[in-house]
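Here is how the chains run, residue by residue.
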Amino acid sequence: MEPTYKDGQLNICFRLTYLFYEPKRFDVVAVRYAGNRVMLLKRIVALEGEQVEFRDGTLFVDGQLEEEPYVSNPYHWNLPPRHVGKGNVYLAGDNRSVPMERHDFGQTSMNRLIGAPLW
Amino acid sequence: MVKSKPVIIVLFVGVISIIVFCFFFQTEERQVRKRFKIFTQTASKHAKDSQLIVAGKSKKISTFFAQTCQIEAREYNVSKDYTQQNVRTIAFHVLTRYSKLDLKFIDLKIDIPEKGIATAVSTARIIGKVKGTEKSMEENHEIDCRLRKIDDEWVFEKVELIDVLKK
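Every value quoted in this text rests on a predicted model; they were computed, and no experiment measured them.

Scoring rules and cut-offs
- Residues numbered from 1 in each chain as written.
- Chains lettered and ligands numbered in written order.
- Predicted model: local features only at pLDDT ≥ 70, side-chain atom pairs only at ≥ 80, totals over all residues.
- Heavy atoms only, no water.
- Helix = DSSP H or I, 4+ residues; strand = E, 2+ residues; numbered from the N terminus.
- Expected span 1.5 Å × (residues − 1).
- Buried < 20%, exposed > 50% of the residue type's maximum accessible area, 1.4 Å probe, protein only.
- Arc of directions from axis to C-beta.
- Pairing = 2+ DSSP bridges.
- Axes fitted to C-alpha atoms, helices over the stretch in contact; angles between N-to-C directions.
- Phe/Tyr/Trp six-rings, centres within 6.5 Å; stacked < 30°, edge-to-face > 60°.
- Lys NZ or Arg CZ within 6 Å of the ring centre and 35° of its normal.

### Notes on helix H3 (residues 84-97) of chain B
Residue and element names in this part refer to chain B.
- The end-to-end C-alpha distance of H3 is 20 Å, a good match for the 20 Å that 14 residues give at a rise of 1.5 Å each.
- All buried positions along H3 are accounted for by Val 87, Ala 91 and Leu 95. For H3, the arc enclosing every buried residue in end-on projection is 55 degrees, short of the 170-degree limit, so these residues lie on one face. Exposed and facing more than 90 degrees away from the buried side of H3 are His 93 and Arg 97.

### Description of helix H2 (residues 51-62) of chain B
Residue and element names in this part refer to chain B.
- Relative to the 16 Å expected for twelve residues at 1.5 Å per residue, H2 spans 17 Å between its end C-alpha atoms, a close match to the ideal helical length.
- Among all positions of H2, only Val 54, Lys 57, Ser 58, Ile 61 and Ser 62 are buried. Buried residues of H2 fall within an arc of 135 degrees about the axis and therefore sit on the same side.

### Description of the sheet that holds strand E4 (residues 51-55) of chain A
Residues and elements named next belong to chain A.
- Spatially, four strands are ordered E6-E5-E4-E7 in an open sheet, and the strand pairing comes out antiparallel. Whereas interior strands pair on both sides, the edge strands pair on one side only; in this sheet they are strand E6 (64-66) and strand E7 (79-83). With direction set aside, neighbouring strand axes in the sheet form an average angle of 25 degrees.
- Sheet topology note: the E4/strand E5 (residues 58-61) ladder contains four bridges and is antiparallel.

### Focus: the packing of aromatic side chains
- Inspection of the entire model under this criterion finds twelve aromatic pairs over all chains.
- Here B:Phe36 and B:Phe156 contribute two aromatic rings whose centre-to-centre distance is 5.4 Å and whose plane-to-plane angle is 90 degrees, an arrangement assigned as edge-to-face. Taken together, the residues span a long stretch of sequence, with B:Phe36 in helix H1 (residues 4-43) and B:Phe156 in strand E6 (residues 153-162) at a distance of 120 residues.
- Look at B:Phe36 and you get buried, because its relative accessible area is 2%.
- Counting every residue linked through ring pairs, the aromatic cluster contains B:Phe36, B:Phe39, B:Phe64, B:Phe65, B:Phe105 and B:Phe156.
- Positioned over the ring face of A:Tyr70 is A:Arg43, at 3.6 Å from the centre of the ring.
- Seen from the ring of B:Tyr82, B:Lys80 lies directly overhead, with NZ or CZ sitting 5.2 Å from the centre.

This is how it looks when you write it as structure tokens:
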């Protein structure tokens, strides 16, 4: 999630966030693996039912260009349109300066969203 | 007057049966948990391990797998059946590639759906250093496994790497 969050930085995650609010596009969220101890920090770039794609490093949702001020020096990602399934969100990290193959991103179930960092 | 002795005996036998039943399944779960622990110790590599030790570890790692083990890792396009010999060869290549390797199973959850069969879900964390460059590597993978008890040993019959994020 660099440059927004430094690698190895300590973050405090509010686990009740999504009990009160629905996840919104551009929210930063903690995503769990099996269990609750290992997590990824990612940003929601598209919500369920939307179509997401990357053209030359730029994000498009439902064919509309989305400005991402938190991304600097994006690599030329090209991802064909993907439909975000029911109960899922599409996530990507802010560090897009690496090739697409070396970056963990994609859609996941909202059940895996543990919460959001407090700051 | 109700005869209390037979009732007490029936209750006692019932309680003992439940305890024995629970203990039996807990034992199988414990066996699987211990198997995972030994596997992590075997699969981890220390900087001082010689090629001979690596060869020995590779052989031992293969014994943790069934004669044929189904491995599904769609992210890496390596979904197929692996023989013990395949596992041994891969283990040797991986252990040779790294000067140091540490494997941990975090949040290991084990279920025994039937006698002699176990399912396990966990997050496998691999931390290592590439030989030569000493470049650090850290990977986390959610795994879903099925183990079978064969000749009193639990072996992996199926291992699936779960795609937490699907591109």
